Amino acid sequence: MRAANSLIGQAGIKPTASMQESRQTTTHAPSAAIPVSDALPFPTHGGQVRAVMAHFPEAPRPAYDLSTGISPYAYPLRMPDPAVLARLPEEDEEADLQAAAAFAYGVSHSNMVVAGAGSQSLIALLPRLLPAQRVCLLGPTYSGHAQAWRLQDVPVHLVTDPAALEQAATQPGTVCVVCNPNNPDGRLLSADWLHGLANTCAAHGSLLIVDEAFADFEQESVAPLLPHPALVVLRSFGKTYGLPGVRLGFLLASPEVAAQARALLGSWPVGGLGLAAGRQALRDTAWRATARAQARAAHTRLSDLLDAAGLRHIGQASLFTLVLHPDAPALWRHFCTCGLVTRIFADQPGRLRLGLPASDAAWSRLETALQAWAAHSKGTAL
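What you see is a predicted model; the values in this text were computed from it and never measured.

**Focus: the pairing of strand E6 (residues 207-211)**
1) Next: Within E6, 5 of the 5 residues are buried, leaving the element largely enclosed by the surrounding structure.
2) Next: Alternating residues of E6 divide into Leu207, Ile209 and Asp211 and Leu208 and Val210, and every residue in both groups is buried.
3) Next: By the bridge criterion, 5 bridges tie strand E5 (residues 174-179) to E6 in an arrangement that is parallel. Its bridge partner lying in E6, Cys179 is registered against Asp211.

Below, the structure is given as structure tokens:
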């Protein structure tokens, strides 16, 4: 742990108590009710609750989704007049959405804002937008980034040490990718460290992409650094505002790069509902401040429940936490049998991500499930 904390400090990461590994190291064995031998297909992403729960017909209903890291505090959207959906978006509506996003993200001019149908669609756009001889990802992290570049036959390298990413940035033609906060472990890098990395990229002919999908409730955004010659920032709307079905996201970059991105997306990249939702919510600073405070309090509550169950967990992101357990699939199945869908990772054994419950009933279900897991674990350890 001492060496890990030293590395964290060098990288500009802000360690908190939630990042320290718990000293409780009880080994949990699966209960008889957990179908450990079943070959269940783990979802590629969060969500897909109906598909997952089809494998657990005896579980209580409704099932509660804790798998996505989406805010449980949905923005009270005023739905637009249905007539908006019967016509194409107007240019002034699109311009106003860009202005609202520039305001929300601290960008000095709306000409550095590109709106799209969710940040995932913009991730897929990046290999067409940015020249790259190779990509270096700081991970383990969100798999969509590696997938997008590999589909364009760009070599992708994964590093786990921030110092290794700094070294990669000195190689011309490298695109460095950082998720901040990181998904799924909630690691948070300081904006100052990322600023230095962006400067290193600029000095050596490289580029830096910072995916800030979960950054709205944190304090380490690099978006205000724009325009920066080597920096591209991604922001998600649905995660913060609890409206993932709207499908709205933003790419923030220099005016030149932003103009190229808009040209690649073509006309009408955002529909009428997304335009209406973004223009309302992105300017509502009071709501965002309240939701941020609610998320931080809920994260603390979740951490306390995990501690009480003897489960190790890490992460600084407000909207989720990562449980570290040697038999994470068994824990995932246990939650499913209790009517709770969490996020399991086929390529990251020993990890399970939990988002924030959205209701008192969901919190109660989670607490009961954790108590049952802890009781069984204590019984098997005797």
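What follows continues from the structure just given.
**Topic: the sheet that holds strand E12 (residues 343-344)**
1) Next: Spatially, E9-E10-E13-E12 is the arrangement adopted by the 4 strands of the open sheet, whose pairing is antiparallel. Bordering the open sheet on either side are strand E9 (312-314) and E12, each of which pairs with just one other strand.
2) Next: Pairing geometry for E12 and strand E13 (residues 351-355), over 2 bridges, is antiparallel. Counted as the bridge partner of Ile344 is Leu352 from E13.

**Here we look at the side chain of His334**
1) Next: Its place among the elements puts His334 in helix H12 (residues 328-337).
2) Next: In this structure the side chain of His334 is engaged in a polar contact, spanning 2.9 Å, whose partner is the backbone oxygen of Ala369.

**Remarks on the pattern of salt bridges**
Where charged atoms from two side chains of opposite charge come close, those side chains can pair.
1) Next: All chains considered together, the criterion is met by 5 salt bridges.
2) Next: The residue Arg235 makes a salt bridge to Asp216 at a minimum N-O spacing of 2.2 Å. Taken together, the residues Arg235 in strand E7 (residues 231-236) and Asp216 in the loop between E6 and E7 connect sequence positions 19 residues apart. Both residues of the pair, Arg235 and Asp216, count as buried.
3) Next: Look at the salt bridges and you will find they share partners, linking Asp96, Arg279 and Arg283 into a network.

**What to know about helix H10 (residues 272-281)**
1) Next: With respect to burial, H10 is a largely interior element, 8 of its 10 residues being buried.
2) Next: In this fold, the buried residues of H10 make contact with helix H3 (91-105), helix H8 (238-241) and helix H11 (285-308).

**Concerning the sheet that holds E7**
1) Next: Judged by pairing direction, the sheet is mixed, and its 7 strands sit side by side in the order E2-E8-E7-E6-E5-E3-E4 without closing on themselves. Looking at which strands have only one partner, the edges of the open sheet turn out to be strand E2 (113-116) and strand E4 (156-159). Averaged over all adjacent pairs, the angle separating strand axes in this sheet is 20°, with direction ignored.
2) Next: This element, helix H7 (residues 191-204), spans E5 and E6 of the sheet and lies at about 150° to E6.

**Re the confidence of the model for the protein chain**
Predicted coordinates in areas of low pLDDT are best not read in detail.
1) Next: Model confidence for the protein chain is summarised by a mean pLDDT of 89, while 87% of its residues fall at 70 or above.
2) Next: Taken together, the stretch residues 1-37 has pLDDT below 50 and engages in 66 contacts with residues farther than four places along the chain or on a different chain.

Reading the values: rules and limits
Residues numbered from 1 in each chain as written. Predicted model: local features only at pLDDT ≥ 70, side-chain atom pairs only at ≥ 80, totals over all residues. Heavy atoms only, no water. Buried < 20%, exposed > 50% of the residue type's maximum accessible area, 1.4 Å probe, protein only. Helix = DSSP H or I, 4+ residues; strand = E, 2+ residues; numbered from the N terminus. Pairing = 2+ DSSP bridges. Polar contact = N/O pair within 3.5 Å; in protein donor to acceptor, adjacent residues only side chain to side chain. Salt bridge = Lys/Arg side-chain N within 4 Å of Asp/Glu carboxyl O. Contact = heavy atoms within 4.5 Å. Axes fitted to C-alpha atoms, helices over the stretch in contact; angles between N-to-C directions. pLDDT = per-residue confidence, 0-100.

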